[in-house]
There are 2 protein chains.
Amino acid sequence: MKSEQEEQYVPKATAKRLPVYYRCLKKLADTGVKRIKSQEISELTQIPSATIRRDFSHFGELGRSGYGYEVDYVVEVFHEILNVNKIINIALVGVGNIGKALIANNFRRDDNMKITCAFEKNEEESGKILSGVPIYSVAQMKSVLSRENIHVAISTVPSEHSQESINMLVDSGITSILNFAPGRVVVPSTVDIRYIDLTGEILTLVYYDGKLLPPIIKNK
Amino acid sequence: MKSEQEEQYVPKATAKRLPVYYRCLKKLADTGVKRIKSQEISELTQIPSATIRRDFSHFGELGRSGYGYEVDYVVEVFHEILNVNKIINIALVGVGNIGKALIANNFRRDDNMKITCAFEKNEEESGKILSGVPIYSVAQMKSVLSRENIHVAISTVPSEHSQESINMLVDSGITSILNFAPGRVVVPSTVDIRYIDLTGEILTLVYYDGKLLPPIIKNK
DNA sequence: ATCTTTTTGTGATAAAAATCACATTAAAAT
DNA sequence: ATTTTAATGTGATTTTTATCACAAAAAGAT
């Protein structure tokens, strides 16, 4: 039974894993699996079962001792938590290679999020419609975003103009940003920004790989 | 002074930040900045100065009291640490929208990494050459990768076939993988895999936005 | 019913990461 | 040369995250 003073504090580390859980359980539910235990979720997600149980515990007592979790029920709970019922309209800034690929893809298998408009500096692109997504000029950003009440954006604008582009987004009422330019930009504390840093990921991957290959000095 | 032996373990959290530092300092060096203090790096990277100093300290005493850091020198050190001198050849699996965008982009501003070959199931694509990158059939994977001695790969193969594709990569000698399919796959402990999960990022962003959780960054 | 088995949820503990705060060192000023 | 100022590097501490390990609860077996 859920306690009355639930909804306390959810650790950031737990929040990061929520989409992983949701996807995993959704897939199970769709396959017709009715019942699952933390140990099995662990095998599917590569997250230790103790961590899974601890994470789940932040949202109430979702399972039953000696039984496990009712898949449908837990999916329902996570569905609620992540607001998957509400449609998220996303604005895209920067219609280059990556931007175009994102539009073409447009979260096809995620029915609750969609890029609904895009902005591009290059005048040759603006005015066009790609895969049903209208490309506007950056000058139109503020009016379009406020009119359509969008507050989530993805920026694929190159580093040199990243800060500039993010400033405009913030000024247009955007509060959540995913930035493909890895250079850190300054935003007000009311705005949340995350970075997708491909080069950085590769560098750290290789950094660890280099550390693992030779006679390891991994003591403690 | 720190002994060579002590320069052993670098925390994962620090390793993740290394590319951010490197990029920031490189940019400063290129702009002609000769000297910088942790406080200023903090403003540029949004990472607290104490964290920066602690991170740097894992690689020796890079700075001087009452002065700060010699930009050129620190860049040199990070350059060495991250092996930026060594060229990283990357294999790409899955030449769809995202795959094509990655090839077209091909880490243009990062002169030490490059997609040098790609693999695609669809027979219509294989045999072609895109932006100088040859597209092979997946059947050729093992021979091409061992011949070219590549051990880093990016997979943009959709979730349904993700595990299958990663199995082939591992079998072909790949040890570092960046996977654009967010569903967790199983790999041997000798292989390092990271995930780029756009949908997940958006979901957590919006989750926090709903919670109006304060993303406090203290610069000091 | 009763017993055995299973698996949760969570106190307790450990490990990792972030942060504080300042002695120490070096630079800059006088 | 001496004093003042500045900023590092790091012990100490706090906070966050992960893990252990098991009593309690529920399921399933007999």
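Computed from a prediction, not measured in an experiment: that's the story for all the values here. (Residues numbered from 1 in each chain as written. Chains lettered and ligands numbered in written order. Predicted model: local features only at pLDDT ≥ 70, side-chain atom pairs only at ≥ 80, totals over all residues. Heavy atoms only, no water.)

## Focus: the interface of chain A and chain B
Item 1. Opposite the 64 residues of chain A that make contact, chain B presents 64 residues.
Item 2. The salt bridge involving A:Arg109 is made with B:Glu160; its shortest N-O contact spans 2.7 Å.
Item 3. At the junction of chain A with chain B, the criterion picks out nine residue pairs in polar contact (both at pLDDT 80 or more).
Item 4. Listed by contribution, the elements that provide at least two residues to the side of chain A that touches chain B are α1 (12–31), α2 (38–45), β4 (88–93), α5 (97–105), β8 (152–155), β9 (176–179), β10 (192–195) and α8 (198–212) of chain A.
Item 5. By residue number, the principal contributor to the side of chain A that touches chain B is α8(A), which donates 12 residues. (Contact = heavy atoms within 4.5 Å. Salt bridge = Lys/Arg side-chain N within 4 Å of Asp/Glu carboxyl O. Polar contact = N/O pair within 3.5 Å; in protein donor to acceptor, adjacent residues only side chain to side chain. Helix = DSSP H or I, 4+ residues; strand = E, 2+ residues; numbered from the N terminus.)

## Overview of the protein's contact with DNA strand D
Item 1. Taken together, 27 residues lie near DNA strand D, and B:Ser38, B:Arg53, B:Arg54, B:Gly63 and B:Tyr69 sit nearest.
Item 2. The contact in question runs from a phosphate oxygen of DNA strand D to an N or O atom on the side chain of A:Arg64, over 2.9 Å.
Item 3. Take B:Arg53: an N or O atom from its side chain is 2.9 Å from a base nitrogen of DNA strand D.
Item 4. Listed by contribution, the elements that provide at least two residues to the surface near DNA strand D are α1 and α3 (49–57) of chain A together with α3 (49–57), β2 (63–64) and β3 (68–70) of chain B.
Item 5. Considering only residue class, the surface near DNA strand D consists of seven nonpolar, nine polar and 11 charged. (Near = heavy atom within 4 Å. Nonpolar A, V, L, I, M, F, W, Y, C, P; charged D, E, K, R; others polar.)

## Focus on the pairing of strand β5 (residues 113–120) of chain A
Residue and element names in this part refer to chain A.
Item 1. Burial runs high along β5: seven of the eight residues are buried.
Item 2. Across six bridges, the pairing between β4 and β5 is parallel. Bridging across to β5, alanine 91 finds its partner in cysteine 117.
Item 3. For the crossover that starts at β4, traverses α5 and ends in the parallel β5, the hand is right-handed.
Item 4. Pairing analysis gives three bridges linking β5 to strand β7 (residues 133–137), with the strands arranged parallel. Residue pairing across strands places glutamate 120 opposite serine 137, the latter belonging to β7. (Buried < 20%, exposed > 50% of the residue type's maximum accessible area, 1.4 Å probe, protein only. Pairing = 2+ DSSP bridges. Right-handed = clockwise from strand over helix to strand, strands pointing away.)

## A look at helix α4 (residues 71–81) of chain B
Residue and element names in this part refer to chain B.
Item 1. Listed in full, the buried residues belonging to α4 are Val71, Val74, Val75, Val77, Phe78 and Ile81. Buried residues along α4 cover an arc of 160° about the axis, so they all sit on one side. In α4, the exposed positions that point more than 90 degrees away from the buried face belong to Glu76 and Glu80. (Arc of directions from axis to C-beta.)

## Let's talk about the protein's contact with DNA strand C
Item 1. Every one of the 27 residues lining DNA strand C counts as a neighbour, but A:Ser38, A:Arg54, A:Gly63, A:Tyr69 and B:Ser65 are closest to it.
Item 2. Close to the protein, within 4 Å, the atoms of DNA strand C are drawn from sugar and phosphate at a rate of 63%.
Item 3. The backbone of A:Gly66 places a nitrogen or oxygen atom 3.0 Å from a sugar or linking oxygen of DNA strand C.
Item 4. Between DNA strand C and the protein, one listed contact pairs a base oxygen with a side-chain N or O atom of B:Arg54 at 2.9 Å.
Item 5. A class-by-class count of the residues in the surface near DNA strand C yields seven nonpolar, eight polar and 12 charged.

## As for the environment of B:Phe107
Item 1. Mapped onto the elements, B:Phe107 comes out in the loop between α5 (97–105) and β5 (113–120).
Item 2. Through-space distance from the C-alpha of B:Phe107 to that of B:Gly68 is 32 Å; in sequence the pair is 39 residues apart.
Item 3. Contact partners of B:Phe107, with chain neighbours within four places excluded, come to A:Leu198, A:Thr199, A:Ile202, B:Ile90, B:Met113, B:Ile115 and B:Ile154.

## Some points on the packing of α5(A) against α5(B)
Item 1. The N-to-C vectors of α5(A) and α5(B) enclose an angle of 175°; their axes lie 8 Å apart at closest approach. With respect to each other, α5(A) and α5(B) are oriented roughly antiparallel. Counted together, A:Asn97, A:Ile98, A:Ala101, A:Leu102, A:Ala104 and A:Asn105 of α5(A) and B:Asn97, B:Ile98, B:Ala101, B:Leu102, B:Ala104 and B:Asn105 of α5(B) form the full contact between these two elements.
Item 2. Residue composition of the contact of α5(A) with α5(B), by class: eight nonpolar, four polar and no charged. (Axes fitted to C-alpha atoms, helices over the stretch in contact; angles between N-to-C directions. Parallel < 35°, antiparallel > 145°, perpendicular 65-115°, else oblique.)

## Concerning the pattern of salt bridges
Item 1. This model, assessed by the stated rule, comprises 22 salt bridges over all chains.
Item 2. With a shortest N-O distance of 3.1 Å, A:Lys34 and A:Asp72 are connected by a salt bridge. Of this pair, A:Lys34 sits in the loop between α1 and β1 (35–36) while A:Asp72 sits in helix α4 (residues 71–81); the two residues are 38 residues apart in sequence, bridging distant segments of the chain.
Item 3. As a salt-bridge pair, B:Lys128 and B:Glu125 come within 3.8 Å of each other at their nearest N and O atoms.
Item 4. Overall, B:Lys128 belongs to the partly exposed group, its relative accessible area being 42%.
Item 5. The buried category is assigned to B:Glu125, whose relative accessible area is 11%.

## Section: the packing of α1(A) against α3(A)
Residues and elements named next belong to chain A.
Item 1. At a closest axis distance of 11 Å, the pairing of α1 and α3 adopts a crossing angle of 100°. In terms of axis orientation, α1 runs roughly perpendicular to α3. Along the contact surface, α1 presents Thr14, Arg17, Tyr21 and Leu25, while α3 presents Thr51, Ile52, Asp55 and Phe56.
Item 2. Of the residues that constitute the contact of α1 with α3, the class distribution is four nonpolar, two polar and two charged.

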